[in-house]
Amino acid sequence: MTKYKKACLLAGTAATIVTAWSTAHAQSGEDTPEAETRRLNQIVVTALRREETLKDTPIAVSAYDGEQLGRERVEDFADIALQSPNVQFGANGGNTNIAIRGIGTNLQTAGNDPGVAFNLDGIYVADPALALSTLLDVKRVEVLRGPQGTLFGRNATGGAVNVISNTPTTTASYGFNTSVSAPLGVQADAFASGPLVASGKLLGRIAVQKIYREGDVENTASTGPDHLNDQDSLSARAQLEWRPTSTLSARLQADYQDAETAGPAYYLAGTPNTGLGLPAQLASTFIGGLDDDEIAVTAGSSKLLQRNLALFVDWDLGPGLLRATLSTRYSENDRFYDGDGTEVEYTSTRVDQSRDTDFFELLYSSDGDGPFSYVLGTNYISDRQVQIVEVPVLFFPAPVILTGDVDTQAYAMFGRATYEVSDHWSVFGGARYSSDRKSMDESNNFIGTDAKRDEWSKPTYEIGTSLDVGQNSTAYLKYATGYKSGGYASGSLQPAFDPETNSMWELGLKGTYFDGSLSANLALFHMAYEDLQVNQVVGVSSVVTNAAEATINGVELELVQQVSPEFSFIFNGGWLDATFDEFLTEDSARPQLGPLSLAGNDLPNAPAYTLSFGSAYERDLSSGGRLSLSARYDWRSEVYFSEFNLPLVSEDSSGRLNAFANYEFPDGKWQIGLYGRNLTDKRTYSSMVVASAVLNSIAMATANQGREVGIRLSFRH
């Protein structure tokens, strides 16, 4: 089927669904008191930098409540990604890669940025590995899909992830949440919040979290760690909020995290260069597999330290709210991992990295009264990243040592406005001007040294309209553009790569139907990319190449059906057609093939289908307590980890089954629960990287977590 026919099919499908749902809603009749009591709660999000219900936000966004994440013992973003349509998560070498609608960046070296922006309490976090390492005292997590070229425009060509923390409360509250799981694991969270003085003008909140898990993969080598895939981290957040008047407040927030583990298990998956084959030293020794609980490696350690201090000042000016945000973050992220998956001293990788990031933003949002509302803002980011990569190789006379000292200065001005033409129809638009200036000093002990300095700038924008197509449903159509700055691949001594740009048409429908018993969100989209940035391994370096063009079409559907007051059904599904239009490149793992045309190949980390469905049952018991039962199955179709679409460098379709049971005691303060994640113990690859022919084209992979079952106890007052 041609792409034109697919686009027509998508448009026809959208029209059919919009018509059917609108008709179904029209047939449901007027609201009644009984219907109102059955109506699903509207989720409030801040995807447009102001509080709005999910239905009224013309953007494809999934929102996850912090309390629900705690009940399901969600520790990081990996489990959230499994529930989200067209979202893929992977980790390799201590780096994380979030791909939304097929767009992300598997960061290997300093100098390049992710295609999915990560924001913690509105602050852009330059390195997603730092922010995604823990979810501490979270109020909500929002996943925004598609280019965010206006309000969250910093490099967000694929989308954005917004984590919103809990803030100090005006009444005293405290609680804890602890769980024990098998394999041996313990997680403990505690918080306290409330006024610190009788006048209520000074508030405080503190939260701490300790996570420990013994690794589920035993290392049988005579050297190296005893186990891998372990966790051992301590996180804390303290906040002070001063409210001198009813219109002015200032909140100081300090975050701290210290984590030290053996790191993930790295599996030798083979080699795509069948003519070359595995090196003799590796082919003749023990190689662990996904279904083994053992591996033999000689290296494994990971240390992460990060500190962040932020100040938020809110001033209610009457016609609008002015917020000033200032933050400074420092981190150290050191990793040492085996590069061949065996106890042969063939190769390994040591990465030592430090990072200093300062962020400042001014944001003004109108009060929303009247038909015209708007948001205006400007921000500035200063980021310095220092990285040293050392790769010893058995047959090299000396280890490969790559260094990079990258300085980034970026600023932006942006605004977005909505005008209500009538009670049922509104138009909106926004624009952003982004400017990036980068400089880098780098070295490669096999090639030499270099210093560079480059600048890029780009305006991006969005325009659209939304229309109430029923009493409780809204349709929208918009056109949006995105931009990700150019950059470097430290240690490669290659010129800067170009910025990545994209444009998107999106048609969406959101609402509740059948007297509020059904909540449904639908999005259909078409995206075109130019100069798409693709990570590749060439020689002894990791580089970034600008692919010529790529086209992405897709559909996303999120449903919640309240079958009865006690029983509900959930379905999240996505379909993705993400392919290169033009891309002529060489595979350094198979250099004998020469230049290859990748036109028509799937983008990496872009499975065609993502499905998540489950059910929940809640009931008040005669004892006065409340019982909750739920189960969810998350499934992904085949996914490629490289642009060459090789069967070896991929993961077959697979699914994970999770189940949860929770009992809330009559006093409403105590809860006890059981949980099971990946109950079928399905082991799958999370990511894979193929070395160049210089390193015999070996493919190294990490795996998703195996089965975990546990018990949870929580208290909240």
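Computed from a predicted model, the values in this text were never measured in an experiment.

**Some words on the overall build of the protein chain**
Stage number 1. When helices and strands are counted, the protein chain shows six helices and 41 strands.
Stage number 2. Relative to a compact globule of 717 residues, whose C-alpha radius of gyration would be 27 Å, the protein chain shows 25 Å and is just as compact.
Stage number 3. For the protein chain, the spread of C-alpha atoms along the principal axes amounts to about 75 × 55 × 50 Å.
Stage number 4. A buried classification covers 56% of the 717 residues belonging to the protein chain.
Stage number 5. Taking the average place of the 53 positive charges on the side chains of the protein chain and the average place of its 88 negative ones, the gap between the two points comes to 4 Å.

**What to know about the pattern of salt bridges**
Stage number 1. Across all of its chains, the model carries 29 salt bridges by this definition.
Stage number 2. One salt bridge connects Arg-632 with Glu-72, and the closest N-O pair in it is separated by 3.4 Å. Here Glu-72 lies in the loop between α3 (66–71) and α4 (77–83) and Arg-632 lies in strand β34 (residues 626–636), a separation of 560 residues in the sequence.
Stage number 3. Using a relative accessible area of 9% as the deciding quantity, one classes Glu-72 as buried.
Stage number 4. With a closest N to O distance of 3.1 Å, Arg-683 and Asp-681 form a salt bridge.
Stage number 5. A relative accessible area of 15% places Arg-683 in the buried class.
Stage number 6. One network of salt bridges, with partners in common, ties together Arg-101, Arg-145, Glu-506, Glu-556 and Glu-558.

**Side note on the confidence of the model for the protein chain**
Stage number 1. In the predicted model, the protein chain carries a mean pLDDT of 89, and the fraction of residues at 70 or more is 92%.
Stage number 2. Confidence drops under a pLDDT of 50 for residues 3–41, and excluding neighbours within four residues, the segment shows 51 contacts in the predicted structure.

**What to know about the nonpolar core**
Stage number 1. Counting 37 residues, the largest nonpolar core has Leu-532, Ile-552, Phe-580 and Leu-603 as the members making the most contacts within it.
Stage number 2. Within the residue set of this core, elements represented by two or more residues are β28 (518–538), β29 (541–562), β30 (567–582), β39 (685–690) and β40 (699–703).
Stage number 3. If one sorts the elements of this core by residue count, β28 sits on top with five residues.
Stage number 4. With residues up to four places along the chain from it excluded, the contact list for Leu-603 reads Gly-102, Ile-103, Leu-532, Ala-550, Ile-552, Ala-578, Thr-579 and Phe-580.

**Here we look at the pairing of strand β41 (residues 708–716)**
Regular strands place their side chains on alternate faces of the sheet.
Stage number 1. Sheet topology places strand β10 (residues 173–182) next to β41; eight bridges connect them, and they run antiparallel. Note that in β41 the partner of Ser-179 across the bridge is Arg-712.
Stage number 2. Strand direction decides the pairing type here: strand β38 (residues 670–677) and β41, joined by eight bridges, are antiparallel. The residue of β41 that forms the bridge with Arg-677 is Glu-708.

The rules we used
Residues numbered from 1 in each chain as written. Predicted model: local features only at pLDDT ≥ 70, side-chain atom pairs only at ≥ 80, totals over all residues. Heavy atoms only, no water. Helix = DSSP H or I, 4+ residues; strand = E, 2+ residues; numbered from the N terminus. Rg over C-alpha atoms; globule rule 2.2 N^0.38 Å. Buried < 20%, exposed > 50% of the residue type's maximum accessible area, 1.4 Å probe, protein only. Lys, Arg positive; Asp, Glu negative; His and termini not counted. Charge placed at Lys NZ, Arg CZ, Asp CG, Glu CD. Salt bridge = Lys/Arg side-chain N within 4 Å of Asp/Glu carboxyl O. pLDDT = per-residue confidence, 0-100. Contact = heavy atoms within 4.5 Å. Core = buried A, V, L, I, M, F, W, Y, C linked by side-chain atoms within 4.5 Å. Pairing = 2+ DSSP bridges.

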